[in-house]
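A look at the structure
Given next are the chains, with one letter for each unit.
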Amino acid sequence: MTIIRWNPWQDLNTLQRQLNHLFEEDMLPSTVLERTLTRVPAAELHETAEAIHLKLELPGIDAKDVDLQVTDKAVYISGERKSETKTEDKGVVKSEFQYGKFQRVIPLPTRIQNTNVKAEYKDGILNLTLPKAEAEKNKVVKVNIESAVG
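These lines cover the structure that appears in this document, whether it is placed above or below. None of the values given here were measured: they were computed from a predicted structure.

Once that is clear, we can look at the sheet that holds strand β7 (residues 125–131). What holds strands together in a sheet is hydrogen bonding between their backbones, with the strands either parallel or antiparallel. Ordered in space as β1-β2-β7-β6, the 4 strands form an open sheet in which the pairing is antiparallel. Either end of the sheet is taken by a strand with one partner, and the two such strands are β1 (43–47) and β6 (118–122). Pairs of neighbouring strands in the sheet enclose a mean axial angle of 15 degrees, with direction left out of account. Of the strand pairs in this sheet, strand β2 (residues 51–57) and β7 are connected by 7 bridges, and their pairing is antiparallel.

Written out as structure tokens, the structure reads:
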């Protein structure tokens, strides 16, 4: 019987090659990826004493393709990034852009005045200014302190 030394790095290299092969474009068609990936816009939330400022990243989307609804507790956004249709006789086109519908619900940390929301859309960034409700701005909570006898 021949003794063969075990090399753990060899096994890791084999595993890496198998994983790479699994994710090659021929093995995993883009239609499968499109069904499994959820598209949501990235968000950034900043709260001040007067308002909540929400930024949403919507590159390549026209403002008319965005549906924005605001309640006093949350922001609901949905829309669609439409693909550009090109007809070419020759050549191969590969794209990592994500097209299709998206939706997202962003809960807000405090109640807002949803009738006074300001929205600005520029360079693929949607900026929302959500003024806080008056009750939230001046919210003071009375705390009862119990003294320990002992």
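A few words now on the pattern of salt bridges. Counted by the stated rule, this structure contains 4 salt bridges. With its nearest N and O atoms 3.7 Å apart, the salt bridge here joins D62 to K64. With a closest N to O distance of 2.8 Å, D72 and R111 form a salt bridge. One end of the pair, D72, is in the loop between β3 (66–70) and β4 (74–81); the other, R111, is in the loop between β5 (100–107) and β6, and 39 residues separate them in sequence. Of the residues examined, D72 reaches a relative accessible area of 25% and is grouped as partly exposed. Taken together, the salt bridges that share partners define one network made up of D62, K64 and D65.

Take the side chain of R81 next. Mapping R81 onto the fold places it in strand β4. Residue R81 is classed as buried on the basis of its relative accessible area of 18%. Beyond its immediate sequence surroundings of up to four residues, R81 is in contact with P59, G60, I61, F97, Q98, Y99 and G100.

Position of N114 relative to the elements: it lies in the loop between β5 and β6. Overall, the relative accessible area of 35% leaves N114 in the partly exposed class. Along the primary structure N114 and T129 are separated by 15 residues, whereas in three dimensions their C-alpha atoms are 10.0 Å apart. In contact with N114, not counting residues within four places along its chain, are V70, T71 and D72.

About the criteria used
Residues numbered from 1 in each chain as written. Predicted model: local features only at pLDDT ≥ 70, side-chain atom pairs only at ≥ 80, totals over all residues. Heavy atoms only, no water. Pairing = 2+ DSSP bridges. Helix = DSSP H or I, 4+ residues; strand = E, 2+ residues; numbered from the N terminus. Axes fitted to C-alpha atoms, helices over the stretch in contact; angles between N-to-C directions. Salt bridge = Lys/Arg side-chain N within 4 Å of Asp/Glu carboxyl O. Buried < 20%, exposed > 50% of the residue type's maximum accessible area, 1.4 Å probe, protein only. Contact = heavy atoms within 4.5 Å.

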